[in-house]
Amino acid sequence: VSRSLFQTNPLPVLTATDFVRYNMCVVAGYANAGEFDSLGKQVTLHIDASPGDTFNLKTLLASRVDAVVIDKSVFRYLLLTDTVLSKESAQITFHENILAELPLHICFQRTTIGLKLQQAFDTALHQLDVKKIENAYFQELESKKKLSTK
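Here is a short report on the structure shown in this document. (Residues numbered from 1 in each chain as written. Predicted model: local features only at pLDDT ≥ 70, side-chain atom pairs only at ≥ 80, totals over all residues. Heavy atoms only, no water.)

Thoughts on the overall build of the protein chain
In step 1: Looking only at helices and strands, the protein chain has 6 helices and 5 strands in total.
In step 2: Counted from the first residue to the last, the protein chain has its helices and strands arranged as β-β-α-β-α-β-α-α-β-α-α.
In step 3: Burial statistics for the protein chain: of 150 residues in total, 31% are counted as buried.
In step 4: Considering only contacts within the protein chain whose residues lie at least 6 apart along the sequence, 65% involve residues at least 24 apart.
In step 5: As displayed, the protein chain has an accessible area near 10000 Å², and 56% of this comes from carbon and sulfur atoms. (Helix = DSSP H or I, 4+ residues; strand = E, 2+ residues; numbered from the N terminus. Buried < 20%, exposed > 50% of the residue type's maximum accessible area, 1.4 Å probe, protein only. Contact = heavy atoms within 4.5 Å. Areas by Shrake-Rupley, 256 points an atom, 1.4 Å probe, with all protein chains shown as cover.)

Here we look at the pattern of salt bridges
In step 1: Following the criterion strictly, the structure yields 4 salt bridges and no others.
In step 2: Residues Lys-58 and Asp-82 are paired through a salt bridge, measuring 3.7 Å at the closest nitrogen-oxygen approach. One end of the pair, Lys-58, is in helix H2 (residues 53-61); the other, Asp-82, is in the loop between helix H3 (72-81) and helix H4 (83-87), with 24 residues separating them in the sequence.
In step 3: Classification of Lys-58 by relative accessible area gives partly exposed; the value is 33%.
In step 4: Note that Glu-140 and Lys-144 form a salt bridge whose closest N and O atoms lie 3.2 Å from each other. A residue pair is termed a helical-turn pair when its members lie 3 or 4 positions apart in one helix, as Glu-140 and Lys-144 do in helix H6 (residues 130-148) at 4 residues.
In step 5: Exposure remark for Glu-140: the relative accessible area of 44% places this residue in the partly exposed category. (Salt bridge = Lys/Arg side-chain N within 4 Å of Asp/Glu carboxyl O.)

Quick look at the structure:
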């Protein structure tokens, strides 16, 4: 999880408290970062909660907020696949200073079959090169985008 910011107006922020003077957009119901979420609940931060990341990025492009909180892979995917965002992608950049890295949990039923599925998943996960798969996926999307714009 990190921030997507206007390229022409980068925000000089390093911690959640640095966001106090900015208008932010988050996806309603998402966990972002402990301190950031806490400050948002205390109404210390100026946060708009929206239905999704695409909406947030379009709100950013419309200059209605200063920054949005978004996962880097989601950001990259949306800029490649959403026609409006794709056309305006030069206007948005991703702030490399990460707000938080959050765990992703997968749930299985507490049954014999659920345990077998969990063990099979764990084994398969350890054999995957996730970065390689992710990079190949985005290269394929970029290739498709280039072909569709010709």
